[in-house]
Amino acid sequence: MSQKIALVTGGSTGIGAASAIQLADDGYLVIITGRNEDTLKVTAGKHENIRYVVSDVSKMEAIDSVVELIHTEYGRLDILVNNAGVAVPVPLDAVTETHFDDTFNINVRGLLFMTQKALPLLKQNRGSVINIASVVGDQPIPAFLVYSASKAAVISITRSMAKSLAEHGIRVNAVSPGPIETPLFDKMGLDEQQKAQMAESITDSVPMGRYGTPSEVARLVAFLASDAASYITGAQYKVDGGYAA
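To start, this report covers the structure provided alongside it. (Residues numbered from 1 in each chain as written. Predicted model: local features only at pLDDT ≥ 70, side-chain atom pairs only at ≥ 80, totals over all residues. Heavy atoms only, no water.)

**Quick word on the overall build of the protein chain**
Put simply, the rule reads: Secondary structure counts use DSSP, requiring at least four H or I residues in a row for a helix and at least two E residues in a row for a strand, with both numbered from the N terminus. Our radius of gyration is a C-alpha quantity, and the globule rule it is checked against amounts to 2.2 Å times the number of residues to the power 0.38. Think of it in three bands: residues with accessible area under 20% of the maximum for their type are buried, residues over 50% are exposed, and the middle band is partly exposed, with areas taken using a 1.4 Å probe on protein chains only. Residues are treated as being in contact if the distance between any of their heavy atoms lies within 4.5 Å. Reported accessibility uses the Shrake-Rupley method at a 1.4 Å probe radius. Residues are deemed covered only where the shown protein chains occlude them. Positive residues here are Lys and Arg, negative ones are Asp and Glu, while His and the chain termini are left out of the count. Every charge is mapped to an atom, namely NZ of Lys, CZ of Arg, CG of Asp or CD of Glu.
Each helix and strand counted, the protein chain has 7 helices and 7 strands in total. Reading the secondary structure of the protein chain in the N-to-C direction produces β-α-β-α-β-α-β-α-β-α-β-α-α-β. Taken over C-alpha atoms, the radius of gyration comes to 17 Å for the protein chain, in line with the 18 Å a tight globule of 245 residues would show. In the protein chain, which comprises 245 residues, the share counted as buried stands at 51%. A separation of at least 24 residues holds for 70% of the contacts in the protein chain among residues at least 6 apart in sequence. Summed over all atoms, the accessible surface of the protein chain reaches about 11300 Å², with 51% contributed by carbon and sulfur. Counting 20 positive and 26 negative side-chain charges, the protein chain places the averaged centre of each group 7 Å from the other.

**Quick word on the sheet that holds strand β4 (residues 79-82)**
Quick note on the threshold: We call two strands paired when DSSP finds no fewer than two bridges between them. Every axis in this analysis is a line fitted to C-alpha atoms, fitted for helices over the stretch in contact. Angles between the N-to-C directions lie between 0 and 180 degrees.
Read across the sheet, 7 strands follow the order β3-β2-β1-β4-β5-β6-β7 without closing on themselves; strand pairing throughout is parallel. Either end of the sheet is taken by a strand with one partner, and the two such strands are β3 (50-54) and β7 (236-239). Looking at each pair of strands side by side, their axes are set apart by 20 degrees on average, direction ignored. Its contacts with the sheet place helix α5 (residues 145-165) against β5 (128-132), β6 (171-177) and β7, and it is angled at close to 160 degrees to β6.

**Considering helix α3 (residues 60-73)**
The cut-off we apply is this: Helix span, expected: 1.5 Å multiplied by one less than the number of residues in the helix. It is the directions from the helix axis to the C-beta atoms whose arc is reported.
In this model α3 runs 20 Å from its N-terminal to its C-terminal C-alpha over 14 residues, within 8% of the 20 Å that 1.5 Å per residue would give. What α3 keeps buried is the set A62, I63, V66, V67 and I70. Projected down its long axis, α3 shows its buried positions confined to an angular sector of 130 degrees, all on one face. Of the exposed residues in α3, the ones pointing more than 90 degrees away from its buried face are E61 and T72. The inward-facing, buried residues of α3 contact β1 (5-8), β2 (29-34), β3 and α4 (97-124).

**Structural notes on the nonpolar core**
Applicable threshold: In this description, a nonpolar core means a group of buried Ala, Val, Leu, Ile, Met, Phe, Trp, Tyr and Cys residues linked to one another through side-chain atoms lying within 4.5 Å.
Core analysis: the biggest nonpolar cluster contains 36 residues, and L7 and L77 have the highest contact counts within it. Looking at this core, the elements that each hand over two or more residues are β1, β2, α3, α4 and α5. At 9 residues, α4 tops the list of elements feeding residues into this core. Sequence-distant contacts of L7, defined by excluding residues within four places in its chain, comprise I31, T33, V66, I70, L77, I79, L80, V81 and M114. Within the second largest apolar cluster, 28 residues are counted, among which are I32, A225, A229 and V239.

**As for the packing of aromatic side chains**
We count it as follows: Aromatic rings from Phe, Tyr and Trp, with only the six-membered ring used for Trp, were paired whenever their centres fell within 6.5 Å, and each pair was classed as stacked if the ring planes differed by under 30 degrees, edge-to-face if by over 60, and tilted otherwise.
Under the definition given, this model contains 2 aromatic pairs. Aromatic pair F100 and F104: ring centres 4.6 Å apart, planes at 15 degrees, arrangement stacked. In this pair, F100 and F104 are both assigned in helix α4, 4 residues apart and thus about one turn of the helix distant. Relative to Y147, the ring of F144 has its centre 6.2 Å away and its plane inclined at 65 degrees; by these criteria the two rings are edge-to-face. The burial state of F144 is the same as that of Y147; both residues are buried.

**Things to note about the environment of A153**
Summarising the element assignment, A153 is placed in helix α5. Once residues within four sequence positions are removed from consideration, A153 is found in contact with F104 and V108.

See below:
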């Protein structure tokens, strides 16, 4: 196939879905993964160039299965967007082993091994890897202690990967969103009043005075995937309205 192939993990909603649609608009055939088939179907139905696979990046057999499917069906992979992630607010005195393991298994372990397993395909066409981190990787929030630590790990891994894979022509960069309007906030277990208070607190801290949108992040993802970013690797780009300036 001459058409370029992109894989977006956690591609059913939010930044992942917006990135998939943007890449599809740019001519890529995009495979999105996630754990919820219903939301995957909705996103895949928004563009003729999007396909979906139900998969959980925290499970090694699932990672192997996705990479094998892409190898068998398409024979190439040009872009990998490691977007799958979870964010649950848990302060230090309430952190459990389960919370720690769940967060790192998806946000860090899944990202690392998905990239490792995809390397043979990425090497063929000097591909590009975009890791979705977060501004809290640099400026941690105490209530999101484990999540913040996991995103700091993503930033560090991105820099290490960029150095080790440069000889193969593979570029690796990180995108660190700030406050973005995504379904992630609906998965935090907050009631409506708590979400409203959180939203007000966040927007008060953003110089631009608003949340960002998934499409604003997706446009940067598409840029880093493109030849226009051919000399960019090991970089971290913040999309945060000045939140972490």
